[in-house]
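Observations on chain architecture
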2 protein chains.
Amino acid sequence: MISQKAKYALRALLALCKAPPEASLMIAEISKSQAIPKKFLEQILLELKRAGIVMSRRGRLGGYVLLRPADKITFGEVLRLIDGPIAPLPCLSKIAYRRCADCQDEASCEIRHVFAGVVKAQREVLDHTSFADAVRAGRVPDLS
Amino acid sequence: MISQKAKYALRALLALCKAPPEASLMIAEISKSQAIPKKFLEQILLELKRAGIVMSRRGRLGGYVLLRPADKITFGEVLRLIDGPIAPLPCLSKIAYRRCADCQDEASCEIRHVFAGVVKAQREVLDHTSFADAVRAGRVPDLS
DNA sequence: TATATCTCGGCTGAACCGATCGGCATTCGA
DNA sequence: TCGAATGCCGATCGGTTCAGCCGAGATATA
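The paragraphs below set out a description of the structure included in this document. (Residues numbered from 1 in each chain as written. Chains lettered and ligands numbered in written order. Predicted model: local features only at pLDDT ≥ 70, side-chain atom pairs only at ≥ 80, totals over all residues. Heavy atoms only, no water.)

**Brief notes about the protein's contact with DNA strand C**
Note the cut-off: One heavy atom suffices: a residue is near a molecule or strand as soon as one of its heavy atoms comes within 4 Å of it. Secondary structure elements follow DSSP: runs of H or I of four or more residues count as helices, runs of E of two or more count as strands, with numbering from the N terminus. Think of it as three bins: nonpolar holds Ala, Val, Leu, Ile, Met, Phe, Trp, Tyr, Cys and Pro, charged holds Asp, Glu, Lys and Arg, and polar takes everything else, Gly as well.
Taken together, 28 residues are adjacent to DNA strand C, and Glu42 and Tyr64 of chain A together with Lys39, Gln43 and Arg58 of chain B come closest. Protein-adjacent atoms of DNA strand C, using a 4 Å cutoff, are sugar or phosphate at a proportion of 64%. Per-element accounting of the surface near DNA strand C gives the leading share, six residues, to helix H3 (residues 38-50) of chain A. Its residues assigned to classes, the surface near DNA strand C shows eight nonpolar, eight polar and twelve charged.

Dropping the structure here:
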(Lines give C-alpha, C1' and ligand atoms only; values in the text may rest on other atoms or scores of the structure.)
Protein backbone atom coordinates (compact mmCIF):
# COMPACT_ATOMS: atom_id res chain seq x y z
CA MET A 1 0.00 0.00 0.00
CA ILE A 2 1.26 3.44 -0.86
CA SER A 3 0.76 6.10 1.79
CA GLN A 4 -2.01 8.65 1.77
CA LYS A 5 0.67 11.29 1.45
CA ALA A 6 1.99 9.76 -1.76
CA LYS A 7 -1.51 9.58 -3.16
CA TYR A 8 -1.96 13.27 -2.41
CA ALA A 9 1.36 14.10 -4.04
CA LEU A 10 0.41 12.24 -7.19
CA ARG A 11 -2.99 13.88 -7.34
CA ALA A 12 -1.54 17.34 -6.80
CA LEU A 13 0.95 16.82 -9.59
CA LEU A 14 -1.77 15.52 -11.89
CA ALA A 15 -3.73 18.69 -11.19
CA LEU A 16 -0.70 20.78 -12.09
CA CYS A 17 -0.21 18.77 -15.26
CA LYS A 18 -3.77 19.37 -16.34
CA ALA A 19 -3.74 23.09 -15.59
CA PRO A 20 -3.32 25.44 -18.56
CA PRO A 21 0.39 25.62 -19.41
CA GLU A 22 2.32 28.27 -17.54
CA ALA A 23 -0.60 28.91 -15.22
CA SER A 24 0.15 28.47 -11.55
CA LEU A 25 -2.13 26.89 -8.96
CA MET A 26 -2.36 27.97 -5.36
CA ILE A 27 -2.24 25.50 -2.50
CA ALA A 28 -5.79 26.48 -1.63
CA GLU A 29 -7.05 25.72 -5.13
CA ILE A 30 -5.43 22.32 -5.32
CA SER A 31 -6.51 21.56 -1.79
CA LYS A 32 -10.12 22.31 -2.66
CA SER A 33 -10.33 20.67 -6.05
CA GLN A 34 -8.56 17.51 -4.92
CA ALA A 35 -9.98 17.33 -1.39
CA ILE A 36 -6.58 17.36 0.28
CA PRO A 37 -6.12 18.91 3.75
CA LYS A 38 -4.52 22.26 3.10
CA LYS A 39 -1.79 22.24 5.70
CA PHE A 40 -0.78 18.74 4.78
CA LEU A 41 -0.65 19.61 1.11
CA GLU A 42 1.60 22.48 2.03
CA GLN A 43 4.20 20.07 3.38
CA ILE A 44 3.92 17.85 0.36
CA LEU A 45 4.38 20.61 -2.19
CA LEU A 46 7.35 21.86 -0.23
CA GLU A 47 8.99 18.46 -0.55
CA LEU A 48 8.24 18.38 -4.25
CA LYS A 49 9.80 21.78 -4.54
CA ARG A 50 12.96 20.81 -2.70
CA ALA A 51 13.23 17.82 -5.01
CA GLY A 52 13.13 20.10 -8.04
CA ILE A 53 9.83 18.85 -9.39
CA VAL A 54 7.82 22.03 -8.96
CA MET A 55 8.59 25.66 -8.28
CA SER A 56 6.64 28.24 -6.32
CA ARG A 57 5.93 31.91 -6.20
CA ARG A 58 5.04 33.63 -2.99
CA GLY A 59 2.79 36.51 -2.09
CA ARG A 60 -0.38 37.61 -3.82
CA LEU A 61 -0.90 35.66 -7.03
CA GLY A 62 1.57 33.09 -5.83
CA GLY A 63 1.25 29.39 -6.46
CA TYR A 64 2.95 26.32 -7.86
CA VAL A 65 4.06 25.32 -11.35
CA LEU A 66 5.74 22.25 -12.75
CA LEU A 67 9.45 22.81 -13.12
CA ARG A 68 9.80 20.11 -15.78
CA PRO A 69 7.55 19.00 -18.61
CA ALA A 70 5.10 16.33 -17.53
CA ASP A 71 6.78 13.66 -19.61
CA LYS A 72 9.98 14.08 -17.61
CA ILE A 73 8.41 13.29 -14.25
CA THR A 74 7.83 9.63 -13.43
CA PHE A 75 5.60 7.99 -10.87
CA GLY A 76 8.62 6.15 -9.51
CA GLU A 77 10.48 9.35 -8.77
CA VAL A 78 7.61 10.81 -6.77
CA LEU A 79 6.93 7.58 -4.91
CA ARG A 80 10.56 7.21 -3.86
CA LEU A 81 10.62 10.79 -2.70
CA ILE A 82 7.52 10.53 -0.52
CA ASP A 83 7.40 6.89 0.56
CA GLY A 84 11.04 5.86 0.33
CA PRO A 85 12.35 2.78 -1.43
CA ILE A 86 10.06 0.93 -3.78
CA ALA A 87 11.93 -2.34 -3.35
CA PRO A 88 10.28 -4.86 -1.03
CA LEU A 89 13.62 -5.74 0.58
CA PRO A 90 16.39 -3.39 1.71
CA CYS A 91 18.92 -5.54 -0.12
CA LEU A 92 17.15 -4.82 -3.40
CA SER A 93 16.85 -1.05 -3.10
CA LYS A 94 18.66 1.25 -5.48
CA ILE A 95 18.37 4.35 -3.32
CA ALA A 96 18.82 2.79 0.11
CA TYR A 97 20.64 -0.50 -0.17
CA ARG A 98 21.10 -2.25 3.14
CA ARG A 99 22.28 -5.77 3.68
CA CYS A 100 19.76 -8.00 5.45
CA ALA A 101 21.27 -8.43 8.90
CA ASP A 102 20.86 -12.19 9.07
CA CYS A 103 21.39 -13.18 5.46
CA GLN A 104 24.78 -14.81 4.98
CA ASP A 105 24.87 -14.95 1.24
CA GLU A 106 22.71 -12.74 -0.93
CA ALA A 107 23.36 -14.75 -4.06
CA SER A 108 21.78 -17.87 -2.61
CA CYS A 109 18.97 -16.17 -0.69
CA GLU A 110 15.73 -17.61 -2.05
CA ILE A 111 13.66 -14.73 -0.77
CA ARG A 112 15.86 -12.15 -2.39
CA HIS A 113 15.73 -14.10 -5.60
CA VAL A 114 11.95 -14.13 -5.75
CA PHE A 115 11.56 -10.48 -4.84
CA ALA A 116 14.15 -9.46 -7.37
CA GLY A 117 11.60 -10.53 -9.94
CA VAL A 118 8.90 -8.47 -8.24
CA VAL A 119 10.90 -5.28 -8.00
CA LYS A 120 12.03 -5.56 -11.58
CA ALA A 121 8.43 -5.69 -12.73
CA GLN A 122 7.48 -2.77 -10.50
CA ARG A 123 10.28 -0.60 -11.80
CA GLU A 124 9.37 -1.50 -15.34
CA VAL A 125 6.07 0.25 -14.78
CA LEU A 126 6.82 3.00 -12.29
CA ASP A 127 10.06 4.29 -13.78
CA HIS A 128 8.66 4.31 -17.29
CA THR A 129 5.31 5.91 -16.65
CA SER A 130 5.39 9.70 -16.75
CA PHE A 131 2.65 12.05 -15.69
CA ALA A 132 2.12 12.86 -19.33
CA ASP A 133 1.47 9.16 -19.94
CA ALA A 134 -0.97 9.02 -17.06
CA VAL A 135 -2.95 12.05 -18.17
CA ARG A 136 -3.08 10.78 -21.72
CA ALA A 137 -4.32 7.36 -20.62
CA GLY A 138 -6.97 8.99 -18.47
CA ARG A 139 -8.26 11.27 -21.21
CA VAL A 140 -8.57 8.72 -23.98
CA PRO A 141 -10.75 5.75 -23.08
CA ASP A 142 -8.39 2.88 -22.52
CA LEU A 143 -8.79 0.15 -25.12
CA SER A 144 -6.10 -2.24 -23.98
CA MET B 1 9.05 -2.99 1.93
CA ILE B 2 7.74 -6.22 3.36
CA SER B 3 7.70 -6.45 7.13
CA GLN B 4 10.29 -8.21 9.23
CA LYS B 5 7.54 -10.55 10.33
CA ALA B 6 6.81 -11.58 6.75
CA LYS B 7 10.49 -12.19 6.12
CA TYR B 8 10.60 -14.43 9.19
CA ALA B 9 7.52 -16.31 8.02
CA LEU B 10 9.04 -16.94 4.61
CA ARG B 11 12.32 -18.09 6.10
CA ALA B 12 10.60 -20.38 8.55
CA LEU B 13 8.60 -21.98 5.75
CA LEU B 14 11.70 -22.37 3.63
CA ALA B 15 13.34 -24.17 6.52
CA LEU B 16 10.37 -26.50 6.76
CA CYS B 17 10.49 -27.10 3.01
CA LYS B 18 14.12 -28.10 3.15
CA ALA B 19 13.74 -30.40 6.14
CA PRO B 20 13.58 -34.14 5.44
CA PRO B 21 10.04 -35.04 4.37
CA GLU B 22 7.69 -35.92 7.22
CA ALA B 23 10.20 -34.68 9.77
CA SER B 24 8.96 -31.97 12.08
CA LEU B 25 10.93 -28.98 13.30
CA MET B 26 10.57 -27.42 16.72
CA ILE B 27 10.16 -23.71 17.20
CA ALA B 28 13.49 -23.65 19.03
CA GLU B 29 15.29 -25.31 16.12
CA ILE B 30 13.94 -22.95 13.51
CA SER B 31 14.52 -20.00 15.77
CA LYS B 32 18.15 -20.95 16.18
CA SER B 33 18.97 -21.94 12.62
CA GLN B 34 17.24 -18.91 11.12
CA ALA B 35 18.10 -16.39 13.82
CA ILE B 36 14.49 -15.48 14.55
CA PRO B 37 13.42 -14.37 18.06
CA LYS B 38 11.75 -17.41 19.53
CA LYS B 39 8.65 -15.85 21.01
CA PHE B 40 8.01 -13.87 17.87
CA LEU B 41 8.41 -16.96 15.72
CA GLU B 42 5.88 -18.66 17.95
CA GLN B 43 3.24 -16.09 16.97
CA ILE B 44 4.11 -16.37 13.33
CA LEU B 45 3.89 -20.14 13.18
CA LEU B 46 0.59 -19.96 14.99
CA GLU B 47 -0.79 -17.69 12.28
CA LEU B 48 0.51 -20.00 9.60
CA LYS B 49 -1.19 -22.85 11.38
CA ARG B 50 -4.52 -21.09 11.63
CA ALA B 51 -4.25 -20.36 7.91
CA GLY B 52 -3.85 -24.04 7.17
CA ILE B 53 -0.32 -23.81 5.87
CA VAL B 54 1.40 -25.83 8.58
CA MET B 55 0.31 -28.15 11.35
CA SER B 56 1.77 -28.69 14.79
CA ARG B 57 2.23 -31.28 17.47
CA ARG B 58 2.48 -30.38 21.10
CA GLY B 59 4.39 -31.77 24.02
CA ARG B 60 7.71 -33.56 23.96
CA LEU B 61 8.80 -34.23 20.39
CA GLY B 62 6.39 -31.58 19.22
CA GLY B 63 7.04 -29.33 16.29
CA TYR B 64 5.78 -28.09 12.97
CA VAL B 65 5.28 -29.68 9.57
CA LEU B 66 4.02 -28.36 6.25
CA LEU B 67 0.39 -29.22 5.77
CA ARG B 68 0.60 -28.98 1.99
CA PRO B 69 3.31 -29.90 -0.50
CA ALA B 70 5.73 -27.04 -1.07
CA ASP B 71 4.54 -26.49 -4.61
CA LYS B 72 1.05 -25.69 -3.34
CA ILE B 73 2.14 -22.78 -1.14
CA THR B 74 2.81 -19.48 -2.85
CA PHE B 75 4.71 -16.43 -1.70
CA GLY B 76 1.64 -14.32 -2.36
CA GLU B 77 -0.49 -16.33 0.02
CA VAL B 78 1.95 -15.96 2.88
CA LEU B 79 2.54 -12.28 2.25
CA ARG B 80 -1.17 -11.51 2.23
CA LEU B 81 -1.62 -13.44 5.43
CA ILE B 82 1.11 -11.63 7.33
CA ASP B 83 1.29 -8.19 5.78
CA GLY B 84 -2.19 -7.77 4.38
CA PRO B 85 -3.07 -6.69 0.86
CA ILE B 86 -0.35 -6.73 -1.76
CA ALA B 87 -2.08 -4.11 -3.89
CA PRO B 88 -0.67 -0.59 -3.60
CA LEU B 89 -4.15 0.94 -3.48
CA PRO B 90 -7.18 -0.25 -1.53
CA CYS B 91 -9.29 0.03 -4.68
CA LEU B 92 -7.07 -2.58 -6.34
CA SER B 93 -7.05 -5.18 -3.60
CA LYS B 94 -8.58 -8.59 -4.09
CA ILE B 95 -8.81 -9.47 -0.43
CA ALA B 96 -9.70 -6.05 1.01
CA TYR B 97 -11.27 -3.89 -1.64
CA ARG B 98 -12.15 -0.43 -0.44
CA ARG B 99 -13.17 2.49 -2.56
CA CYS B 100 -10.82 5.46 -2.34
CA ALA B 101 -12.79 7.96 -0.30
CA ASP B 102 -12.24 10.92 -2.57
CA CYS B 103 -12.14 9.27 -5.97
CA GLN B 104 -15.33 9.97 -7.91
CA ASP B 105 -14.81 7.62 -10.80
CA GLU B 106 -12.47 4.66 -10.60
CA ALA B 107 -12.53 4.07 -14.34
CA SER B 108 -11.03 7.46 -15.08
CA CYS B 109 -8.62 7.62 -12.12
CA GLU B 110 -5.16 7.99 -13.58
CA ILE B 111 -3.46 6.79 -10.41
CA ARG B 112 -5.54 3.67 -10.25
CA HIS B 113 -4.80 3.01 -13.88
CA VAL B 114 -1.05 3.16 -13.42
CA PHE B 115 -1.02 1.05 -10.30
CA ALA B 116 -3.26 -1.53 -11.89
CA GLY B 117 -0.28 -2.27 -14.10
CA VAL B 118 1.99 -2.55 -11.09
CA VAL B 119 -0.18 -4.90 -9.11
CA LYS B 120 -0.75 -7.11 -12.12
CA ALA B 121 3.00 -7.55 -12.49
CA GLN B 122 3.42 -8.22 -8.77
CA ARG B 123 0.73 -10.87 -8.73
CA GLU B 124 2.21 -12.47 -11.79
CA VAL B 125 5.29 -13.24 -9.73
CA LEU B 126 4.01 -13.70 -6.19
CA ASP B 127 0.97 -15.83 -6.93
CA HIS B 128 2.87 -18.07 -9.31
CA THR B 129 6.00 -18.66 -7.28
CA SER B 130 5.72 -21.56 -4.88
CA PHE B 131 8.14 -22.48 -2.14
CA ALA B 132 9.15 -25.46 -4.22
CA ASP B 133 10.10 -23.05 -7.00
CA ALA B 134 12.08 -20.92 -4.60
CA VAL B 135 14.03 -23.81 -3.12
CA ARG B 136 14.77 -25.18 -6.56
CA ALA B 137 16.04 -21.82 -7.79
CA GLY B 138 18.24 -21.52 -4.72
CA ARG B 139 19.78 -24.97 -5.04
CA VAL B 140 20.75 -24.86 -8.68
CA PRO B 141 23.00 -21.94 -9.57
CA ASP B 142 20.84 -19.50 -11.44
CA LEU B 143 21.89 -19.16 -15.06
CA SER B 144 19.28 -16.70 -16.25
C1' DT C 1 1.68 49.62 3.91
C1' DA C 2 -1.77 45.95 3.90
C1' DT C 3 -2.69 41.51 2.79
C1' DA C 4 -2.64 37.21 0.62
C1' DT C 5 0.40 33.74 -0.04
C1' DC C 6 4.21 30.44 0.69
C1' DT C 7 7.82 28.71 4.44
C1' DC C 8 9.11 26.04 8.17
C1' DG C 9 9.45 23.98 12.61
C1' DG C 10 7.19 21.74 16.00
C1' DC C 11 3.41 19.16 17.85
C1' DT C 12 -0.27 15.53 18.69
C1' DG C 13 -3.09 11.43 18.74
C1' DA C 14 -3.65 7.15 16.74
C1' DA C 15 -1.97 3.17 14.71
C1' DC C 16 1.52 -0.10 13.75
C1' DC C 17 5.86 -2.91 14.42
C1' DG C 18 8.97 -5.82 16.50
C1' DA C 19 9.47 -8.12 20.41
C1' DT C 20 8.83 -9.97 25.18
C1' DC C 21 6.46 -12.01 29.29
C1' DG C 22 3.87 -15.18 31.95
C1' DG C 23 0.76 -18.52 32.43
C1' DC C 24 -2.01 -22.48 30.45
C1' DA C 25 -2.68 -26.94 27.80
C1' DT C 26 -0.85 -31.01 25.90
C1' DT C 27 2.18 -34.74 25.19
C1' DC C 28 5.63 -38.12 26.11
C1' DG C 29 9.36 -40.42 28.67
C1' DA C 30 11.05 -42.00 33.11
C1' DT D 1 1.73 -41.16 37.47
C1' DC D 2 4.55 -37.35 37.51
C1' DG D 3 7.31 -33.84 35.52
C1' DA D 4 9.72 -31.80 31.90
C1' DA D 5 9.41 -30.20 27.29
C1' DT D 6 6.78 -28.19 23.97
C1' DG D 7 3.12 -25.51 21.69
C1' DC D 8 -0.97 -22.09 22.73
C1' DC D 9 -2.60 -17.67 23.91
C1' DG D 10 -3.48 -13.11 25.80
C1' DA D 11 -1.42 -8.99 27.40
C1' DT D 12 1.85 -5.58 27.25
C1' DC D 13 5.69 -2.51 25.96
C1' DG D 14 8.78 0.95 23.80
C1' DG D 15 9.71 2.93 19.63
C1' DT D 16 8.42 4.52 15.07
C1' DT D 17 5.53 6.13 11.50
C1' DC D 18 1.32 8.33 9.73
C1' DA D 19 -1.90 11.87 8.98
C1' DG D 20 -2.83 16.13 10.04
C1' DC D 21 -2.85 20.72 12.67
C1' DC D 22 -0.96 25.13 14.57
C1' DG D 23 1.38 29.33 14.62
C1' DA D 24 4.82 32.44 13.67
C1' DG D 25 7.67 34.23 9.99
C1' DA D 26 9.19 35.57 5.20
C1' DT D 27 7.93 37.55 0.80
C1' DA D 28 5.77 39.46 -3.08
C1' DT D 29 2.06 42.22 -5.08
C1' DA D 30 -1.63 45.85 -5.10
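**With respect to the interface of chain B and chain A**
To keep things clear, this is the line we draw: Residue contacts follow a heavy-atom distance rule, with two residues in contact if any of their heavy atoms lie within 4.5 Å. Each of two parts loses accessible area, computed with a 1.4 Å probe, when they are put together; buried area is these two losses added. Here a salt bridge means any side-chain nitrogen of Lys or Arg lying within 4 Å of a carboxyl oxygen belonging to Asp or Glu. The definition of a polar contact used here is a pair of N or O atoms within 3.5 Å, where within protein one atom must be able to donate a hydrogen and the other to accept one, and adjacent residues in sequence count solely through side-chain atom pairs.
Every contact between the two is made by 36 residues of chain B and, on the other side, 36 residues of chain A. Interface area, chain B with chain A, both sides summed: about 3100 Å², of which 72% is carbon and sulfur. Contact with chain A buries surface across chain B, with Met1, Glu110 and Ile111 of chain B losing the most and accounting together for 22% of the total. Linking chain B to chain A there are three salt bridges. Among the ionic pairs, lysine 18 of chain A bridges to glutamate 110 of chain B, the shortest N-O distance being 2.9 Å. Summed over the shared surface of chain B and chain A, the number is five residue pairs in polar contact (both at pLDDT 80 or more). Within the residue set of the side of chain B that touches chain A, elements represented by two or more residues are helix H1 (4-18), helix H4 (75-83), helix H5 (110-126) and helix H6 (131-139) of chain B. In terms of residue count, H5 of chain B provides more of the side of chain B that touches chain A than any other element does, eleven residues in total. Taken together, the residues that form the side of chain B that touches chain A break down as 24 nonpolar, six polar and six charged.

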